[in-house]
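Structural description and commentary
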Amino acid sequence: DLSKDCDLLDDGQDNASCPPAPAELGFEQSMLQAFYFVTAAGIDGEELTELDWIGAFNGDVCVGARAWAGPWTDVPAMGDSGDSFTQGYLASGQQPSFKIYDASSGQILDATPSSNCSFQNLLFCYLDSVSASSGN
């Protein structure tokens, strides 16, 4: 369960102190994976809280998500391994898009990364920032 990482980082205990991922950020783990390390993330210029999430998408398919745990939060992105449950996941050479779940409003917002990397298995990509606008 990838969301357990948040739980271990927030208070150092393996307990249920972190909220579960919103249903829209659900995904299955694939054998093909990349990780996008985000050093800063925010909505309308305000830094995310540990209740907010960043999701990686291929079109409208969530391919990975992680609760914000501060600088260097690693957002996983799953690849299409040919298994039926990975249909619609990323293929080598595709770039994920990103969305931020704003826990304070319950909204999922389109987000813009400072840069992006094309998916490939075992990729480590570093993003200086991922930001969203609430439209307010």
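It should be noted that the structure appears before, not after, this text.
**Focus on the environment of S131**
- Mapping S131 onto the fold places it in strand β10 (residues 130–132).
- Residue classification places S131 among the partly exposed residues on the basis of a relative accessible area of 38%.
- Between the C-alpha atom of S131 and that of A40, which follows or precedes it by 91 residues, the distance is 8.3 Å.
- Every residue in contact with S131, bar those within four places of it in the chain, is listed here: G42, I100, D110, A111 and T112.

**Describing unusual backbone geometry**
- The phi angle at W72 is positive, at roughly 75 degrees, despite the residue not being glycine.
- Tracing the sequence through the fold places W72 in the loop between β5 (61–67) and β6 (73–78).
- Look at L122: it is not a glycine, yet its phi comes out positive at around 70 degrees.
- Of note, L122 is situated in the loop between β8 (107–113) and β9 (124–127).

**A short note on the packing of aromatic side chains**
- Evaluated as defined, the whole model comprises five aromatic pairs.
- Ring centres of F35 and F124 lie 6.3 Å apart, and the angle between their planes is 45 degrees; this geometry places the pair in the tilted category. Of this pair, F35 sits in strand β1 (residues 33–38) while F124 sits in strand β9, placing them 89 residues apart in sequence.
- For F124, a relative accessible area of 51% corresponds to the exposed category.
- Considering the side-chain rings of F37 and F124, the 5.6 Å spacing of their centres and the 70 degrees angle between planes classify their relative orientation as edge-to-face. Separated by 87 residues along the polypeptide, F37 in strand β1 and F124 in strand β9 bring together distant segments of the chain.
- Of the aromatic side chains, those joined through ring pairs into one cluster are F35, F37, W72, F124 and Y126.

Parameters and conventions
- Residues numbered from 1 in each chain as written.
- Predicted model: local features only at pLDDT ≥ 70, side-chain atom pairs only at ≥ 80, totals over all residues.
- Heavy atoms only, no water.
- Helix = DSSP H or I, 4+ residues; strand = E, 2+ residues; numbered from the N terminus.
- Buried < 20%, exposed > 50% of the residue type's maximum accessible area, 1.4 Å probe, protein only.
- Contact = heavy atoms within 4.5 Å.
- Phe/Tyr/Trp six-rings, centres within 6.5 Å; stacked < 30°, edge-to-face > 60°.

From the geometry alone we can't say anything about function, so treat these as descriptive.
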